[in-house]
Protein chains: 2
Amino acid sequence: MRKIVLAQINTLAGDIKGNAVKIKEYILRAKQDNAELIVFPELSLIGYPFGDIFIRHKSLIDRQLEELNDIKKETTGITALIGFAEPNKNEGQKPFFNSVAVIQDGKIINTVRKRLLPNYSEFNDYRYFEPSHEEQKVFEIDGEVYGIIVCEDSFNDKSFFQQNSIYEIDPIEQLMKQKPQTIINCSCSPSRNGKEFIKNTLFSSIAKKYGVNYIYVNQSGYADNLCFDGTSRIYNKDGILTARAKSFEEEYFLTENYKAEINPIPSGMDKKVAINDFSMDYQNDLERTYKTIVFAIKEYFSKNGFSKAVLGLSGGLDSSVCAVLLADALGKENVWGISMPSKITSGESKNDAKVLAENLGINFFEVPLADTIEKMKSMLNFSFDNIKTDKYDKPTTIENLQARLRATILWSISNEYKYMLPIATSDKSEAYIGYATVNGDMSGGFAPIADVTKTKLFALADYMNKNRENKNVIPQSVLIKPPGAELKINPETGKTVCAEEDNMPYEFLDEIIWFVENSGYGFNDLMHHTFLYEKKHSLTTEQKTEWINKFFWKSKCAVYKWHILPPSVITDIHSINSVEYHQPIISRVF
Amino acid sequence: MRKIVLAQINTLAGDIKGNAVKIKEYILRAKQDNAELIVFPELSLIGYPFGDIFIRHKSLIDRQLEELNDIKKETTGITALIGFAEPNKNEGQKPFFNSVAVIQDGKIINTVRKRLLPNYSEFNDYRYFEPSHEEQKVFEIDGEVYGIIVCEDSFNDKSFFQQNSIYEIDPIEQLMKQKPQTIINCSCSPSRNGKEFIKNTLFSSIAKKYGVNYIYVNQSGYADNLCFDGTSRIYNKDGILTARAKSFEEEYFLTENYKAEINPIPSGMDKKVAINDFSMDYQNDLERTYKTIVFAIKEYFSKNGFSKAVLGLSGGLDSSVCAVLLADALGKENVWGISMPSKITSGESKNDAKVLAENLGINFFEVPLADTIEKMKSMLNFSFDNIKTDKYDKPTTIENLQARLRATILWSISNEYKYMLPIATSDKSEAYIGYATVNGDMSGGFAPIADVTKTKLFALADYMNKNRENKNVIPQSVLIKPPGAELKINPETGKTVCAEEDNMPYEFLDEIIWFVENSGYGFNDLMHHTFLYEKKHSLTTEQKTEWINKFFWKSKCAVYKWHILPPSVITDIHSINSVEYHQPIISRVF
């Protein structure tokens, strides 16, 4: 019986001691189970992503090697694969290799170094690591020959990627010359919309093509805006999935003869995403999005020592969705939803906020702002009397004042109470065009939905209403009313201005975002493109031009806001999160 | 007569049209001057730093090549060297080369590609560019043979860098096989403390070693937290400086027979910095720091369409220094300084703010906060009555409330008036340990001094008092009183708590920062280190341990704040600015 443990651990970057303790516990347990091999994720000893930790804190380098040395002692009778940052002594090269130590019976018998170093999107491998130019070595346990690769090394199969290949060599092709019977992939692979489809089909096709077992071990956890879904697994020599660990959960996953339980993945997660086609059918990504965000909240809070959240409830979509996600991540008793109506807040909004909180069972109360706003206004008017220079002819100041007072209340509460973080409720569509207030709704200790577009949020709200144990917590009225910040009154209608009047229909905006992010579309490309919205509504060229122009102009001005967005979690195919996307504030793209 | 123009231009990333217009104007002028060669900086056509512009806005790629084609037509009778992002068609490689087109009489006769790609600190070359493996080609004008290198290609002279070499090859050594008589270095090199010493000695030594003229062309300008000082120059075959363009200014710099004016550089800018030694003598870096920040403010404002600034004046050091820098960058008539005293603000502080503003001649008025704070407090107390969970036993809430109300006033003013930005006055020492309020003093459209430590700020204030035309604008009382935010009263003394009581002496803190940033010191290294402070004062091991512990603990908690710091400008040897330093919020280094 061949027993292998897929150690789908959750690490903390820089916490070498803590990571080492966990690794040793897992090894001990694997030995008790008579496993012959235990596989940890990429860079598991230092923790990933570790950013510039080794640059500013050099003493950690030695500490890592000391811990590795200590772990060796625990490997009597077992083989352990442990990812670590291996110092590179070669002059004129990067200071580390991204390596996996093969430790057998107390000795490092082999060190495998990553060859393909991703340096795009959220990845910065080449900042720290020297790419290895050596073919990877195999090792043997009881006559079975194993070949090891590190994450990206598996992502250049020429028959799979064809013209989309971004590297010259295929490490697996080269590794196969040594005829391993099983390939082991030690990874740290963040979750994104559409990624599971690629991983599943790629790994399966490699297993089948070479007639090898394929073991994939991914870390579970969240850090630095990235969520790692785990979902470690094995494919057999026919490319058939034979074992799969849980998703979004740390797990000690014992397999026997390359088989074990096949845990379910979030519904639709492995479906292909047609990036050349925008659709409002988000069905295949809702459960994964929900789990990604809930897991990220849990992780962000617990790893930073927080356990409670406070947010403003406007009765609108964004704050309602955030409240549900927070309640599910932290427990409803640990969430405070506060309604902070101003003079122009509608009775319906106030009621929606209250009903949501009651349905959800979170803590709730109302703080009327009208008096304080009047006081602040008179203070501001005093200031304005003292400043003689050109004014804007726009109601922006008072709109934003409401949002800022709300954020001040939330931050004050988080200052007053232990372990409590205020929440930024901005969504991705609004962040894209800067339709969020600095020090207002875009401010917070964490921004759960900053990478979810508005049209997808409607679908997510509907999904949560149907799929949680406690159903329909978000009132139907929230799902059907047009979104708006309720910060100003339209003098013609006497009603609060909805966001689509200020900007453009969200359906149209979200399609622009889709093609800018996924296809690199510019103004002309978008003008030539037929929008889904156009198929349903009449749209003049003038209106289309105005909206596309508005998008580029507003997103240019929003780049500053992208740079100061609170920590969030990437869930989409692409994101404006600064961990992934580097757009200088001073630039022109239009 | 050999006439060469060093085109020290200021570019805007992505504004290919605007950059091309400028390039053509410069070429035209050079032709009028009968110059035979004009040299533009690295990546001058696309503008640097351009971040992910080509990734999200693919149409710019073609536009760049169209403009390059158009520029060609202007080169009759002249040779122009123009930096651009050259698309790389090779499969499995990065999408561009970082190239310089050698355009002569309407034709690209040569394309030189960068070989050494920096990918550390603020540099991300390898994210976009394929390193060239070809030796660089030379070209000839009237019998003179020129060799071109791109920026970093000049930074691996083995005899100069010795064991600090971070690349395997030395492109200049290889280039010399083709016996150029002159080396031209097209660069985009940001200004930092200590960098000019390296550039000057390195370039001079290369010129002398190989017996060549060395022409260095650097861009001037600011973007994305980086300030480019220009200071283009020529060294002759003996390594002697024979021409130097201005610093921190765009310039058309015409040279004749490798000679021209040698413009002065900021005093002390070329002095060596001993990074293994902390000193409070900042003299050699004050003029450069001053010019860097003033230039950055000018650039940030003008390139983003702003012309006015509003800031809170507390009567303390940080806001006073910011006010002077802003007045010098934008004109005193474009700066509004507002005193916003609360109940605990001392009369002395109020007076210092007023005197500073009067001395400086900026707009000034006072807005008392006490009433509004009382109103906000009662609103908060109402909220607190509704929340039953563990409170902190600290006065943080009310301290921060004052800072947030001040920021709200500043942001409201910037919302109300055209082209006006609020200023974040946080300094580097305080940012490092998070001694700044979210949505308070650390919030703003720009943060001028976020990379200047407190002890250096005192020196900078003194420098400005002595070296501006209008002398001693910062009152002496500001320079001698202990810094403090005046946000709380010490119940024992009845006086406001100064920052050093809350934290540790700034001299001690700044020395920790120095060794963490420059030497990668950890806790143990710092404990074994003898601080300057210790040489002057008695310090128990307990106190030393407490302060060092406090530094690591507070800076761990401050990483969130580093991530949301407003745009600033890097001036120090190293910085916590996220453009340079990548520290995950979720991490442990201690």
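Residues numbered from 1 in each chain as written. Chains lettered and ligands numbered in written order. Predicted model: local features only at pLDDT ≥ 70, side-chain atom pairs only at ≥ 80, totals over all residues.

### Side note on the overall build of chain A
Across its full length, chain A carries 20 helices and 18 strands. On C-alpha atoms alone, chain A measures out to a radius of gyration of 26 Å, which is about the 25 Å that the 2.2 N^0.38 rule sets for 590 residues. Its C-alpha atoms give chain A principal-axis dimensions of about 80 × 55 × 50 Å. Per-residue burial over chain A gives 56% buried out of 590 residues. Sequence-distant contacts in chain A: of pairs separated by 6 or more residues, those separated by 24 or more amount to 70%. (Helix = DSSP H or I, 4+ residues; strand = E, 2+ residues; numbered from the N terminus. Rg over C-alpha atoms; globule rule 2.2 N^0.38 Å. Buried ≥ 20, exposed ≤ 12 C-beta atoms within 10 Å, placed from the backbone. Contact = placed C-beta atoms within 7 Å.)

### Concerning the sheet that holds strand 13 (residues 241-244) of chain A
All names here are of chain A. If you walk across this open sheet you meet the 6 strands as 6-7-8-9-12-13, and the pairing is mixed. At either margin of the open sheet sits one strand with a lone partner, and together these are strand 6 (138-141) and strand 13. Taking each pair of neighbouring strands and ignoring which way they run, the sheet shows an average axis angle of 20°. Sheet analysis places strand 8 (residues 182-187) next to strand 9 (residues 213-218), joined by 6 bridges and oriented parallel. (Pairing = 2+ DSSP bridges. Axes fitted to C-alpha atoms, helices over the stretch in contact; angles between N-to-C directions.)

### Some points on the interface of chain A and chain B
Chain A puts 86 residues into the contact, and the matching count from chain B is 86 residues. For the side of chain A that touches chain B, the secondary structure elements donating two or more residues are helix 2 (53-56), helix 3 (59-72), helix 4 (125-128), helix 11 (370-385), helix 12 (396-416), helix 17 (506-519), helix 18 (523-528) and helix 20 (541-563) of chain A. It is helix 12 of chain A that contributes the most residues to the side of chain A that touches chain B, 13 residues altogether. Split by residue class, the side of chain A that touches chain B holds 39 nonpolar, 28 polar and 19 charged. (Nonpolar A, V, L, I, M, F, W, Y, C, P; charged D, E, K, R; others polar.)

### Looking at the nonpolar core
Counting 357 residues, the largest nonpolar core has V39(A), L326(A), V39(B) and L326(B) as its most contacted members. With near-sequence residues (within four places) excluded, V39(B) lies in contact with I4(B), V5(B), L6(B), A7(B), L81(B), I184(B), C186(B), I215(B) and V217(B). (Core = buried A, V, L, I, M, F, W, Y, C linked by C-beta atoms within 7 Å.)

### Describing the relation of the copies chain A and chain B
If you rotate chain A by 180° and push it 0.0 Å along the axis, it lands on chain B with an RMSD of 0.0 Å. Those values place the two copies in the arrangement expected of a two-fold rotation axis. Among all residues of chain A, the minimum C-alpha distance to the rotation axis is found for I564(A), at 2.1 Å. Interface overlap between copies is the fraction of interface residues in one copy that are interface residues in the other; for chain A against chain B it reaches 100%, indicating a shared surface. (Least-squares fit on C-alpha atoms with pLDDT ≥ 70 in both.)

### Here we look at the pairing of strand 5 (residues 107-113) of chain A
Residues and elements named next belong to chain A. Sheet analysis places strand 4 (residues 96-104) next to strand 5, joined by 6 bridges and oriented antiparallel. The residue of strand 5 that forms the bridge with V100 is V112. Two successive antiparallel strands, strand 4 and strand 5, enclose a turn made up of 2 residues, where D105 displays a positive phi of approximately 50°.

### Notes on the domain arrangement of chain A
Residue and element names in this part refer to chain A. In terms of domains, chain A is made up of domain 1 (3-256) and domain 2 (283-563). Here the C-alpha centroids of domain 1 and domain 2 sit 39 Å apart. Contacts between the two partners involve 8 residues from domain 1 and, on the opposite side, 9 residues from domain 2. Of the residues contributing to the side of domain 1 that touches domain 2, the split by class is 4 nonpolar, 4 polar and no charged. (Domains from an automatic or database assignment.)

### Here we look at the environment of T397(A)
Relative to the elements of secondary structure, T397(A) occurs in helix 12. By the C-beta count within 10 Å, which is 19 here, T397(A) ends up partly exposed. A C-alpha to C-alpha distance of 9.6 Å links T397(A) and K377(A), two positions 20 residues apart in sequence. Beyond its immediate stretch of four places on either side in the chain, T397(A) contacts S412(B), N415(B) and E416(B).

### Side note on helix 3 (residues 59-72) of chain B
In an α-helix, one full turn covers 3.6 residues, which means residues spaced three or four apart are oriented alike. Residues and elements named next belong to chain B. Its 14 residues give helix 3 an end-to-end C-alpha distance of 21 Å, which sits within 8% of 20 Å, the value for a rise of 1.5 Å per residue. Those residues of helix 3 not exposed but buried are L60, Q64, E67 and I71. For helix 3, the angular spread of the buried residues around the axis is 65°, confining them to a single face. Of the exposed residues in helix 3, the ones pointing more than 90 degrees away from its buried face are D62 and N69. In this structure, the buried side of helix 3 is in contact with helix 1 (16-32), helix 2 (53-56), strand 3 (79-87) and strand 4 (96-104). (Expected span 1.5 Å × (residues − 1). Arc of directions from axis to C-beta.)

### As for the sheet that holds strand 14 (residues 251-256) of chain B
Residue and element names in this part refer to chain B. Pairing is mixed in the open sheet, where 6 strands are placed in the order 5-4-3-2-1-14. Only two strands of the sheet have a single partner each, and these edge strands are strand 5 (107-113) and strand 14. On average, adjacent strands in this sheet sit at an angle of 30° to one another, irrespective of strand direction. Two strands pair when backbone bridges link them, and strand 2 (residues 37-39) and strand 3 are joined in this way by 3 bridges, in the parallel orientation.

### Focus on the environment of Y126(B)
Turning to its location among the elements, Y126(B) is positioned in helix 4 (residues 125-128). Sequence-wise, Y126(B) and K94(B) are 32 residues apart; in three dimensions their C-alpha atoms are separated by 7.9 Å. Contact partners of Y126(B), with chain neighbours within four places excluded, come to N119(A), Y126(A), L117(B) and N119(B).

### Observations concerning the packing of helix 9 (residues 317-330) of chain B against helix 14 (residues 454-467) of chain B
All names here are of chain B. At a minimum axis distance of 10 Å, the contact between helix 9 and helix 14 shows a crossing angle of 45°. Relative to helix 14, the element helix 9 is oriented oblique. The hand of the helix 9/helix 14 crossing is left-handed. Contact residues: L317, D318, S320, V321 and V324 in helix 9; L457, F458, L460, A461 and M464 in helix 14. Residue composition of the contact of helix 9 with helix 14, grouped by class: 8 nonpolar, 1 polar and 1 charged. (Parallel < 35°, antiparallel > 145°, perpendicular 65-115°, else oblique. Left-handed = near helix turned anticlockwise from the far one by under 90°.)

### So, the confidence of the model for chain A
Taken as a whole, chain A shows an average pLDDT of 95; of its residues, 100% reach a score of 70 or greater. Among the scores for the predicted complex, ipTM is 0.96 and pTM is 0.97. (pLDDT = per-residue confidence, 0-100.)

### Notes on the pairing of strand 13 of chain A
Residues and elements named next belong to chain A. Bridge count for strand 12 (residues 233-235) against strand 13 is 3 bridges, and the pairing is antiparallel. Looking at the pairing, Y235 lines up with L241 of strand 13. Count of turn residues in the strand 12/strand 13 antiparallel hairpin: 5 residues, of which G239 carries a positive phi of about 80°.

### A look at helix 12 of chain A
In this model, helix 12 of chain A (21 residues) spans 30 Å end to end at C-alpha, consistent with the 30 Å of a helix rising 1.5 Å per residue. With 18 of 21 residues buried, helix 12 of chain A lies mostly within the body of the structure.

### Section: the environment of K354(B)
Residue and element names in this part refer to chain B. You can see K354 is positioned in helix 10 (residues 347-360). Placed 41 residues apart in sequence, K354 and L313 show a C-alpha to C-alpha distance of 8.3 Å. The residues contacting K354, other than those within four sequence positions of it, are S339 and F364.

### Here's the deal with the packing of helix 12 of chain A against helix 11 (residues 370-385) of chain B
Helix 11 of chain B packs onto helix 12 of chain A with a crossing angle of 60° between their chain directions and a minimal axis gap of 11 Å. Between helix 12 of chain A and helix 11 of chain B, the angle is such that the two are oblique. In this structure, helix 12 of chain A meets helix 11 of chain B at a crossing whose hand is right-handed. Residues I409(A), S412(A), I413(A) and E416(A) of helix 12 of chain A form the contact with helix 11 of chain B, whose participating residues are L380(B), S383(B) and F384(B). The residue inventory of the contact of helix 12 of chain A with helix 11 of chain B, partitioned by class, reads 4 nonpolar, 2 polar and 1 charged.

### Brief notes about unusual backbone geometry
The linkage connecting Y48(A) with the following residue, P49(A), adopts the cis geometry, with an omega of -5°. Here P49(A) lies in the loop between strand 2 (37-39) and helix 2. Phi is positive for K179(B), which is not a glycine, with a value near 50°. Structurally, K179(B) can be placed in the loop between helix 6 (171-175) and strand 8 (182-187). Under the C-beta neighbour-count criterion, K179(B) is labelled exposed, with 11 such atoms within 10 Å.

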